[in-house]
Amino acid sequence: TKKGWIIFISIVVLALGGAVYLSRQNKESLSADVDIHKIQPASANSGNIADHTYGSGTKVTLIEYGDYQCPGCDSAAPIMKQLSEKYKDKLTFVFRNKLIPGHQNSRAAASFAEAAGQQGKYWEMHDKLYDTQKTWESLSAGDERTNFFANLIQEIGGNSSQAIKAIDS
């Protein structure tokens, strides 16, 4: 009936409006003094972690927001690496973590990449995480996952115990 349709449409509109309202509640806000279009230096607001850059181009800066557990990011990673290496004199490539909800191991992977970065091995770990994504994406939280990522740090020539200590702190 007409009355039933009106009630149904009203409920759908309210549900969609509520979903939009709730989705905007958890948005991360950046302070007005941060220009997301520029390379970010280490600061107290960022936990003293700067953007990781590859290349020294002055005219073009390519910023990728990625998640180490994202299959799409994984398929794009070799292309981004190839572009970055080919145009490293003309292009500055920046990778920023943008965790996707539901990817249970992406935060741990990003943490280990940052820990490797503290040892000067960020890009090696970045590449290793994408190269081995299918192996670690379904690991359960805990020692199994930590040991796997710690072994990756060792494989790239980093210090795994130093990385774990940095993550714990």
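What counts and what doesn't
Residues numbered from 1 in each chain as written. Predicted model: local features only at pLDDT ≥ 70, side-chain atom pairs only at ≥ 80, totals over all residues. Heavy atoms only, no water. Patch = residues over 30% accessible without salt bridge, like charges linked within 9 Å, V, L, I, M, F, W, Y side chains within 5 Å. Areas by Shrake-Rupley, 256 points an atom, 1.4 Å probe, with all protein chains shown as cover. Salt bridge = Lys/Arg side-chain N within 4 Å of Asp/Glu carboxyl O. Helix = DSSP H or I, 4+ residues; strand = E, 2+ residues; numbered from the N terminus. Buried < 20%, exposed > 50% of the residue type's maximum accessible area, 1.4 Å probe, protein only. Lys, Arg positive; Asp, Glu negative; His and termini not counted. Contact = heavy atoms within 4.5 Å. Arc of directions from axis to C-beta. Phe/Tyr/Trp six-rings, centres within 6.5 Å; stacked < 30°, edge-to-face > 60°. Disulfide = S-S within 2.5 Å.

1. Quick word on a nonpolar patch on the surface
Logical step 1: Judged by side-chain polarity, Trp5, Phe8, Ile9, Val12, Val13 and Leu16 come together as a nonpolar surface patch covering roughly 630 Å² of accessible area.
Logical step 2: Structurally, Val13 is set in helix H1 (residues 2-25).
Logical step 3: Classification of Val13 as exposed rests on a relative accessible area of 54%.

2. Side note on the side chain of Glu114
Logical step 1: Tracing the sequence through the fold places Glu114 in helix H3 (residues 106-117).
Logical step 2: Despite its burial, Glu114 pairs with no opposite charge, the nearest such side chain being Arg96 at 9.7 Å.
Logical step 3: If we skip the residues at most four places from it in the chain, Glu114 touches Ile49, His52, Asn97 and Tyr122.

3. Structural notes on helix H4 (residues 122-131)
Logical step 1: For H4, every residue scored as buried is listed here: Tyr122, Trp123, Met125, His126, Leu129 and Tyr130. Seen end-on, H4 carries its buried residues on one side only, within an arc spanning 160°.

4. Quick look at the environment of Phe112
Logical step 1: Its location among the elements puts Phe112 in helix H3.
Logical step 2: For Phe112, a relative accessible area of 6% puts it in the buried group.
Logical step 3: The spatial distance from the C-alpha of Phe112 to the C-alpha of Tyr122 is 9.0 Å, given a sequence separation of 10 residues.
Logical step 4: In this structure, Phe112 is in contact with Met125, Thr146, Phe149, Ala150, Ile153, Ile164 and Ile167, ignoring residues within four places of it in sequence.

5. Notes on the packing of aromatic side chains
Two measures describe an aromatic ring pair: the distance that separates the ring centres and the angle between the ring planes.
Logical step 1: A full pass over the atoms with the stated rule returns 10 aromatic pairs.
Logical step 2: Put simply, the rings of Tyr54, Phe93, Tyr122 and Trp123 touch in pairs and so form one group of aromatic residues.

6. Description of the state of the cysteines
Logical step 1: Considering all chains together, one arrives at zero disulfides under this definition.
Logical step 2: With no disulfide of its own, Cys70 lies 3.4 Å from the sulfur of Cys73, the closest cysteine sulfur.
Logical step 3: With relative accessibility at 14%, the residue Cys70 sits in the buried group.

7. Digging into the pattern of salt bridges
Any two side chains of opposite charge can pair, so long as their charged atoms come close to each other.
Logical step 1: Scanning the entire structure with this criterion turns up four salt bridges.
Logical step 2: Note that Arg96 and Asp51 form a salt bridge whose closest N and O atoms lie 2.8 Å from each other. Remark: Asp51 occurs in the loop between H1 and strand E1 (52-54) and Arg96 occurs in strand E3 (residues 91-97); sequence separation between them is 45 residues.
Logical step 3: When its relative accessible area of 16% is taken as the criterion, Asp51 is described as buried.
Logical step 4: Among the salt bridges present, the one from Glu155 reaches Lys128, with a minimum N-O distance of 3.0 Å. With Glu155 in helix H6 (residues 143-155) and Lys128 in helix H4, the pair connects residues that are 27 residues apart, well separated along the chain.
Logical step 5: By relative accessible area, which is 53% here, Glu155 ends up exposed.

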